[in-house]
Amino acid sequence: MYRETHALGLSDYLVLDSLTEYRLSQSIRSALERQRLIRSLQREQYLLHALMDNVPDSIYFKDANSRFLRISRAQAEKFSLGDPAAAVGKTDFDIFTDEHAQQALNDERALIATGEAVVDKEEKETWPDGRTTWVSTTKMPLKDQDGRIVGTFGISRDITSRVRAEEELRSAKEAAEAASRAKSEFLANISHEIRTPLNAIIGMTELLLDSQPSLTQREYLSMVQASGESLLALINDILDFSKIEAGKLELDFSIFHLGDSLGDIMKALAIRAQRSEIELLYDIRPDVPQQLIGDIGRLRQVVINLVGNAIKFTERGEITLTISCDSIDDRYAMLHFGVRDTGIGIPSDKVEKVFEAFEQVDASTTRRYGGTGLGLAITSRLVEAMHGRVWVESTLGVGSTFHFTGRFGLPDRQFTTTQPAIPIQGTRVLIVDDNASNRKILQQMAINWGMQPLLASGAAEALATLRRAHEQGEQIPLVVTDVHMPVADGYNLAEQISQDKNLTGTPILMLSSGVRHVDEARCRAMGVKAYLTKPVKQSELYNAISASLGFAASPTTSSDADVRGRSQELAGSHVLLVEDSEVNQKLAIGLLRKWHMHALVANNGVEAVEAFPSRRWDLVLMDVQMPVMDGLEATRRIRELERAAGTRTPIVAMTAHAMKEDRDRCLAAGMDAYVSKPIRSQTLYETLLPLLCPADSGAFREEPNSPEMTTDSDESVIDWNVAHQVVGNDESLLCDVAKAFLTECDEISAEIGKALQESDFSRLSAFSHRMCGALRPFGAHRALVFAETLQKIGKSGGPLPDPAVYGTLSRLLVHMRRQLEAFITHHEGTHRS
């Protein structure tokens, strides 16, 4: 009876004869509970159906044999099944290719065996019709009421669009990188192709200008040279901008002397300024540290860009470069540079655009001032790389001031490259100059040295000041005067001083324009002790004042090293010239012969390697890009020959490639220096001089008693003042220390190289530490920067540094070895005699 009742859908049956109130109440409660459970079950079924029918993701349940028990409507549509029930009993092998079905089966068997869920696994689905889709799948174990695993269930989300977008992005990135590489290779190649004929044009023009041409010929040749220089500047700008755009701009850090470096830069620019009779000045404030760590090459580029622009857009007046210190701590100094001119100014609507690429204030076809429009864009990026910023203040028709800041490192201590202090403090000096800005700058220099400056704006005022001082019994022992002044120039002033019986004999220093000839005989007759080229470097003026007052052996002159006058220093040297271009061979031979050097030509790397053992060469000039065997491979072969013989010959790269990577490859191959084509006479000479004449590179100059040490040269590595202080001025002891360094230097350097090759950071740290200890007694600050960098990398366990770090250290060690060998030879020769 009970079964029949339930079969009819009844929840209970009651017998009237035995019905009680309790039994009736119990039956009603049971019926109500049954109805509640049925409604709850119906609601769960409704929610499950809603989920399975509407969720866009694929949901499925499978048994222990990976047969579908149920799938969502979205998955049925994906499987092209009209009804989800049609999937029941099927497996993935009925839907997908065997490749995907087998992988899904393996995953599900592993899940059933371990009970470990698979979460967010990206799966590639392959279909019989050739389609490929991607899903992100999460799979879980399906358990019965007793907790036993009886199958699997999961949910998959289609990520095909995302994967394809990522693939497209990856392909686009690879294409962009390939395009960037192609652009870099194109620029490098086009640079090489343009620089090669430019090398001949500029080099041969220099040789012709040295051959005493007629005035008309000189004019034409100068125009050819200027055009070649303009084209070269254009190529350099394009290469720099390309490197910046490709994110390949790197700074090359070294220790440099700010005052001397800027002085050299400004002197080079002064010739252009003085042709237009513009006064070019620079002022380094007293709070600015002189010894800095930074990329002096890039700083030079920024200064030349800004000052060069000021010269181009200024017809009269003055241009002043001012350097001050914004902030300083134990590690860094933030310097502020300002270039103020009295030029044409910039319209207010153009001020914000001048730092954009290819932008010019006047872009019309009738503009007066040429240029690519890249100079200021490059300047802006270079300044950003120095952790600074650049901006401009300008008034149309009045002038402009370009400002930029840059962060520079500070050495462990500020070491000096000038002479020891000389007692000029308290000395009165009369400064005569018609330019107020220049008077102020010279006055500040004198005050910084403890002198007592008096100022005069012209010759008449200067004479009155000198005579008044004499009458008051307060003689002025020194006059510093400009040569070019209105009414009466510096020569007139010097002549009147020499003719005044009360003033005659007063030492006079003259400041002269670099493009104006100085009459030396006339100067000597009037008591002029020294003549300096404007803008004058602080170190030059200081040395000249000291000499004029009798505190130094000889007065200072301003003339830079004249290659033709000093060529005897290279005379007799034997050079192996490796160059495939006949034009470049003739140019190089012409320069070498001008310096009385002997050259043998090899047309490619194979000929160079064959010719090298034939004699002891003083130097090899090696082109890089040549047929048969290039210069890099030839250098490696030559270095192998030398290792067997225990010798080392300086090798200088000559190449039309001008990228930093090219320089690094040359140094890594074993070359000692790098000269970019087109080759300049002065640049090549300055490169060869320290390699062939270590004594001239800053190691020493012979004197009757002991050598006088200096660190002014770019190629000098040793600070001889520090070295002498370390040994208490005991040169015999210094000689012993130098020999000990030479004994262990090569071994330590080789161990550092091996450690870098094998990524052995422990050994790198240990031997870099030994190298630092060996360098410090010689004040080898430039080399020490790179050795300390390697030591820090070794301590921190990486990452490996740029190969240029070890390459630069090795190059500096080569220079240091030559300087120490020259010192030892000089010392032992002096003592034997």
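Everything below is about the structure shown above.
Throughout this description, residue numbers start from 1 for each chain and increase along the sequence as written. Thresholds applied to this predicted model are a pLDDT of at least 70 for local features of residues and 80 or more for the giving and counting of side-chain atom pairs; totals over whole chains, interfaces and linings are not thresholded and use all residues. Calculation of side-chain values draws on the structure's entire complement of heavy atoms; hydrogens and water are dropped beforehand.

Draft legend 1. Spatial organisation of the overall build of the chain. Labels follow the DSSP assignment, with helices taken as runs of H or I lasting at least four residues and strands as runs of E lasting at least two, numbered in each case from the N terminus. Looking only at helices and strands, the chain features 25 helices and 22 strands. The buried label applies to any residue whose accessible area, calculated with a 1.4 Å probe on protein chains only, is under 20% of its type's maximum; exposed applies above 50%, and partly exposed to all values in between. Evaluated residue by residue, the chain yields a buried proportion of 48% over its 833 residues. The criterion used for residue contact is that any of the two residues' heavy atoms lie within 4.5 Å. Residue pairs in contact within the chain that sit at least 24 positions apart in sequence constitute 65% of those at least 6 positions apart. About 41600 Å² of surface is accessible on the chain, with carbon and sulfur atoms providing 51% of the total. Note on areas: Shrake-Rupley, 1.4 Å probe, and residue coverage restricted to the protein chains presented here.

Draft legend 2. Seen up close, helix 8 (residues 296-312). An ideal rise of 1.5 Å per residue puts 24 Å on 17 residues; helix 8 measures up with 23 Å between its terminal C-alpha atoms. With 12 of 17 residues buried, helix 8 lies mostly within the body of the structure. Definition of a polar contact: a pair of N or O atoms within 3.5 Å, with one able to donate and the other able to accept a hydrogen when the atoms are protein atoms, and with sequence-neighbouring residues admitted only if both atoms are side-chain atoms. Capping the start of helix 8, D295 holds a side-chain oxygen 3.1 Å from the backbone nitrogen of R298, two or three residues further along. Here a helix's expected span is defined as the number of its residues, less one, multiplied by 1.5 Å.

Draft legend 3. Quick look at unusual backbone geometry. Backbone geometry places S80, a non-glycine residue, at a positive phi of 60°. Within the secondary structure, S80 is located in the loop between helix 3 (73-78) and helix 4 (98-114). Classification of S80 by relative accessible area gives exposed; the value is 66%. For V628, which is not a glycine, the phi torsion comes out positive at approximately 70°. Along the chain, the position of V628 falls in the loop between strand 20 (619-623) and helix 18 (631-645).

Draft legend 4. Expanded view of the sheet that holds strand 5 (residues 149-158). Between any two strands, pairing holds if DSSP finds at least two bridges. Read across the sheet, five strands follow the order 2-1-5-4-3 without closing on themselves; strand pairing throughout is antiparallel. The open sheet is flanked by strand 2 (68-71) and strand 3 (118-126), the only strands paired with a single partner. The sheet shows a mean angle of 30° between the axes of neighbouring strands, direction not considered. Inspection of the sheet shows strand 3 paired to strand 4 (residues 132-143) by seven bridges, in the antiparallel sense. Looking across to strand 4, one finds that E125 is bridged to T133. Packed onto the sheet, helix 2 (residues 21-54) meets strand 1 (58-63) and strand 2 and runs at close to 80° relative to strand 2. In this fold helix 4 packs onto strand 1, strand 3, strand 4 and strand 5, with an angle of close to 160° to the strand it touches most, strand 3. Note on method: axes are straight lines fitted to C-alpha atoms, helices fitted across the in-contact stretch only, with angles between N-to-C directions ranging 0 to 180 degrees.

Draft legend 5. Broad picture of a nonpolar patch on the surface. Taken together, the side chains of L16, L19, L24, I28 and L32 present a nonpolar region at the surface, about 480 Å² in accessible area. Here L24 lies in helix 2. In this scheme, patches are assembled from residues that exceed 30% relative accessible area and form no salt bridge. Like charges are connected within 9 Å, while nonpolar side chains (Val, Leu, Ile, Met, Phe, Trp, Tyr) are connected within 5 Å. One speaks of a salt bridge when a side-chain nitrogen belonging to Lys or Arg is within 4 Å of a carboxyl oxygen belonging to Asp or Glu.

Draft legend 6. Main features of the packing of aromatic side chains. Only rings of Phe, Tyr and Trp enter the pairing, Trp through its six-membered ring, and a pair is recorded when the two centres are within 6.5 Å. The plane angle decides the type: under 30 degrees is stacked, over 60 is edge-to-face, the rest tilted. Applying the stated criterion to the full structure yields 12 aromatic pairs. On the numbers, 5.7 Å between centres and 85° between planes, the contact of F79 with F96 is edge-to-face. Here the residue F79 occupies a position in the loop between helix 3 and helix 4, and F96 occupies one in the loop between helix 3 and helix 4, the gap between them amounting to 17 residues. Note on accessibility: F79 and F96 belong to one class, buried. Connected via pairs of aromatic rings, a cluster forms that spans Y60, F68, F79, F96 and W127. The ring of Y60 is capped by K62, whose NZ or CZ atom sits 5.2 Å from the centre of that ring. The rule is short: NZ of Lys or CZ of Arg within 6 Å of the ring centre and within 35 degrees of the ring normal puts a charge over the ring. The side chain of R407 reaches across the aromatic face of Y332, ending 4.1 Å from its centre.

Draft legend 7. Representation of the environment of T647 in the model. Assignment of secondary structure puts T647 in the loop between helix 18 and strand 21 (651-655). Take T647: its relative accessible area is 32%, and that puts it in the partly exposed class. Here the alpha-carbon distance between T647 and R616, two residues 31 residues apart in the chain, equals 9.6 Å. Among all residues touching T647, those that are not within four sequence positions of it are R616 and E642.

Draft legend 8. Summary view of the sheet that holds strand 13 (residues 428-432). Spatial ordering of the open sheet is given by 14-13-15-16-17, a layout of five strands whose pairing is parallel. Either end of the sheet is taken by a strand with one partner, and the two such strands are strand 14 (452-456) and strand 17 (528-533). Between one strand axis and the next, the sheet turns by 20° as a mean value, whatever way the strands run. In terms of strand pairing, strand 13 meets strand 15 (residues 479-482) through three bridges, oriented parallel. Looking at strand 15, one finds that V432 is bridged to T481. Relative to strand 13, helix 11 (residues 459-471) is tilted by about 160°, and along the sheet it contacts strand 13, strand 14 and strand 15. Strands in contact with helix 12 (residues 490-499) are strand 13, strand 15, strand 16 (508-512) and strand 17; relative to strand 16, the strand with the most contacts, it is inclined by about 170°.

Draft legend 9. Here's a closer look at the side chain of T205. Residue position: T205 is located in helix 5 (residues 160-209). We classify T205 as buried; its relative accessible area is 4%. A distance of 2.4 Å separates the side chain of T205 from the backbone oxygen of I201, its partner in a polar contact.

Draft legend 10. Up close: the pattern of salt bridges. For the coordinates displayed, the defined rule picks out 33 salt bridges. For the salt bridge of K62 with D92, the shortest nitrogen-to-oxygen distance reads 2.7 Å. Of this pair, K62 sits in strand 1 while D92 is found in the loop between helix 3 and helix 4, placing the two residues 30 residues apart along the sequence. Judged by relative accessible area, K62 falls into the buried class, the value being 1%. Classification of D92 by relative accessible area gives buried; the value is 8%. In this structure, the salt-bridge partner of R637 is E633, at a minimum N-O distance of 2.8 Å. Taken together, the positions of R637 and E633, both in helix 18 and four residues apart, correspond to about one turn of that helix. Through salt bridges with shared partners, one network takes in K62, D92, E108, E123 and K139.

Draft legend 11. The arrangement of the pairing of strand 17 in detail. Counting buried positions along strand 17 yields five of six residues, so the element is predominantly enclosed. The pairing of strand 16 with strand 17 spans five bridges and is classified as parallel. For I508, the partnering residue across the bridge sits in strand 17 and is V528.

Draft legend 12. Summary view of the environment of F337. Mapping F337 onto the fold places it in strand 10 (residues 332-341). Of the residues examined, F337 reaches a relative accessible area of 0% and is grouped as buried. Separated by 53 residues in sequence, F337 and V390 place their C-alpha atoms 9.4 Å apart. If we skip the residues at most four places from it in the chain, F337 touches L262, L299, L321, T322, I323, F402, H403, F404 and F408.

By themselves, these figures tell us nothing about what the structure is for.
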